[in-house]
Amino acid sequence: MTELDMTDPYPNQPSSARIYDYWLGGTHNFEVDRQAAEQVISVYPEMRYSAQANRAFLGRAVTFLAQQGIDQFLDIGSGIPTEGNVHEIAHQINPRSRVVYVDIDPIAVAYSQRILGELPHVVPVVADARDPDTILEHSQTRRLIDFNKPVALLIVAMLHFVPNDTQLHRILGVFREKMIAGSYLVLSHASLDGLPPEIGARVSAIYAKATEQFKARTHSDVLQCFGDFDVIDPGLVDAVDWRPNDPNEWPNKSYYLGGVGRK
Ligand SMILES: C[S@@+](CC[C@H](N)C(=O)[O-])C[C@H]1O[C@@H](n2cnc3c(N)ncnc32)[C@H](O)[C@@H]1O
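Only a predicted model underlies this, so the values are computations on that prediction, with no experimental measurement involved.

The rules behind each value
Residues numbered from 1 in each chain as written. Predicted model: local features only at pLDDT ≥ 70, side-chain atom pairs only at ≥ 80, totals over all residues. Heavy atoms only, no water. Core = buried A, V, L, I, M, F, W, Y, C linked by side-chain atoms within 4.5 Å. Buried < 20%, exposed > 50% of the residue type's maximum accessible area, 1.4 Å probe, protein only. Helix = DSSP H or I, 4+ residues; strand = E, 2+ residues; numbered from the N terminus. Contact = heavy atoms within 4.5 Å. Polar contact = N/O pair within 3.5 Å; in protein donor to acceptor, adjacent residues only side chain to side chain. Near = heavy atom within 4 Å. Areas by Shrake-Rupley, 256 points an atom, 1.4 Å probe, with all protein chains shown as cover.

Next up on the list: the nonpolar core. One recurring pattern in soluble globular proteins: nonpolar side chains tend to sit buried together. Residues Trp 23, Leu 65, Phe 73, Leu 154 and Tyr 207 are the most contacted members of the largest nonpolar core, which totals 52 residues. Sorting elements by how many residues they give to this core places helix H3 (residues 47–67) first, with nine residues. Excluding its chain neighbours within four sequence positions, the residues that come into contact with Trp 23 are Ala 37, Val 40, Ile 41, Met 47, Arg 48, Ala 51, Gln 52 and Tyr 207. With 32 residues, the next largest nonpolar core counts Ile 155, Leu 168, Cys 225 and Phe 229 among its residues.

Printed below as a string of structure tokens:
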């Protein structure tokens, strides 16, 4: 295996990947990340619950797609490996499923390489979602993902780190165009509808000092991200309400909207 580069290009800035790792109880984070994560908790005390609920949504969506026969997954903004990684869930149903993990954070990707080791059909890649062509043309994407067949594109808890709406829709347009009929788009996105408005502003202010900036969006904003894909049942809903295994498992809203679209 190639040697890992664990040099943080932005050592004094919290990163969204490591803040999220902290909320999930992970240990792949630094003091600067923990401070920012705790600041968010002081604004929104249910943050750990919400992160876990979002993660559980991701797991249920991947299980559903693997059950539909999807065996290739492009996971953008994949984060630091934790419990219930996409490849682990997909491999329970089809051990030959291929997964490309893409993240902007080089430290997250270095941890991914270390944790994943040498799995033949799973690879982490450093890339920026705002440059979708580079992701699609990346040698590892081309090696593992065949866009002539249905694919699952996972963009889970990532797009709220693309505050610019024009950029957001350009990115999604490039990916949607590349996917053939029968492909799926899994999205989740922070949406603070129903919470006091100052919460979003205060969370955005915390991320203003981080490597990625944060912008919550409304239900109708997030729905537009699916373009002309059919959003399958139950639609774009709070992540806890997306096909729960047990309706009592997640009793409160997560304030992440989750949905799965089919081309
Ligand atoms: C909250 S985590 C979500 C991780 C995982 N998708 C999940 O839902 O459990 C958001 C991830 O998006 C990544 N990210 C943020 N902006 C990005 C960008 N422009 N391109 C690629 N990844 C990005 C962060 O580094 C972080 O790992």
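With respect to the helices, strands and loops of the structure, Ser 15 is situated in the segment before helix H1 (16–23). Look at Ser 15 and you get buried, because its relative accessible area is 2%. A distance of 2.7 Å separates the side chain of Ser 15 from the side chain of Asp 105, its partner in a polar contact. Not counting the four nearest positions on each side in its chain, Ser 15 is found in contact with Asp 33, Asp 105, Thr 211 and Glu 212.

Taken together, 20 residues form the shell around the ligand, and within it Tyr 20, Arg 55, Gly 77, Asp 103 and Ala 129 come nearest. The backbone of Gly 79 places a nitrogen or oxygen atom 3.5 Å from an oxygen atom of the ligand. Ile 104 is positioned such that a nitrogen or oxygen atom in its backbone is 3.2 Å from a nitrogen atom of the ligand. In isolation the ligand exposes 600 Å². Once the protein is present, 99% of that is buried. For the shell around the ligand, the elements supplying multiple residues, two or more each, are H1 and H3.

Don't take any of this as a statement about function, it's just geometry.
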